[in-house]
Amino acid sequence: MFFALACAFANISAQNVTVPEPDFSEETLLLTSDTSAVKLVRENATIKTKIGASVYLFGIGKAKSRLTVKGRKSSSKAEGATTTRLIVKATDNNTDPNSFINIFKFEIKGKERRYQIAEAGTFSPTEKNNLAAIGYDAKKYGKSSYLLTLTNLKPGEYGIYIGDPNTENTKNNMKITTFTVK
């Protein structure tokens, strides 16, 4: 009975959100209340690969590939809270968003934000991250969006990679939606 009540409450709270869907696919809104939201910025990202000096000198070592975004902070800000809610527009909302919407926390290094996506060593197998470092609950929202709920985000810089579940969108392959949690 408690479980049924909890599920009913979750559906009621999701239905109270009255923010319009974003205009275009791959746009993301950060809910500031049930009735208002701000559009998150999308930034250009690059992939940088660094090979340790020992690989050149001795043929032994590691290479690391990182997704990087210029600047130490995003211009989009979220207040620290127990829950952070996002509305992400997709082509449609028939696909499990966990298969193409990936949320991760950046590491700040110098004048950039970065996230390690792969590592290969001479005597170790190649490891690839799937960028799905931050879990979320998702519900269909509107005609083609998802309402994502993230809990207990720690202060820092975050990125959202939105793939297209139906076709590969090569134009925006290196676009990352970013936000700061204070």
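Quick caveat: nothing in here was measured; it's all calculated off a predicted structure.

Draft legend 1. Representation of the environment of Phe-100 within the structure. Within the secondary structure, Phe-100 sits in the loop between strand 7 (83-89) and strand 8 (101-105). Judged by relative accessible area, which is 4%, Phe-100 ranks as buried. As for Phe-100 and Ile-162, which are separated by 62 residues in sequence, their C-alpha atoms are 5.9 Å apart.

Draft legend 2. Quick look at the side chain of Ser-144. With respect to the secondary-structure elements, Ser-144 resides in the loop between strand 12 (137-141) and strand 13 (145-151). Discounting residues that sit within four places of it in the chain, Ser-144 has contacts with Glu-21, Val-88, Lys-89, Ala-90, Thr-91, Asp-92 and Asn-93.

Draft legend 3. How the structure looks around the packing of aromatic side chains. For the structure on display, the rule yields 4 aromatic pairs. Between Phe-104 and Phe-106, the aromatic rings sit 5.1 Å apart at their centres with planes inclined by 80°, giving edge-to-face as the arrangement. Phe-106 matches Phe-104 in its accessibility class, with the two residues each being buried. On the basis of an interplanar angle of 15° and a centroid distance of 5.5 Å, the ring pair of Tyr-158 and Phe-179 is categorised as stacked. Taken together, the residues span a long stretch of sequence, with Tyr-158 in strand 14 (residues 156-162) and Phe-179 in strand 15 (residues 175-181) at a distance of 21 residues. A single burial state applies to Tyr-158 and to Phe-179, both of which are buried. An aromatic cluster is defined as three or more aromatic residues linked by ring pairs; in this entry it consists of Phe-104, Phe-106 and Tyr-115. Cation over ring: Arg-113 sits above Phe-106, and NZ or CZ is 5.9 Å from the ring centre.

Conventions adopted
- Residues numbered from 1 in each chain as written.
- Predicted model: local features only at pLDDT ≥ 70, side-chain atom pairs only at ≥ 80, totals over all residues.
- Heavy atoms only, no water.
- Helix = DSSP H or I, 4+ residues; strand = E, 2+ residues; numbered from the N terminus.
- Buried < 20%, exposed > 50% of the residue type's maximum accessible area, 1.4 Å probe, protein only.
- Contact = heavy atoms within 4.5 Å.
- Phe/Tyr/Trp six-rings, centres within 6.5 Å; stacked < 30°, edge-to-face > 60°.
- Lys NZ or Arg CZ within 6 Å of the ring centre and 35° of its normal.

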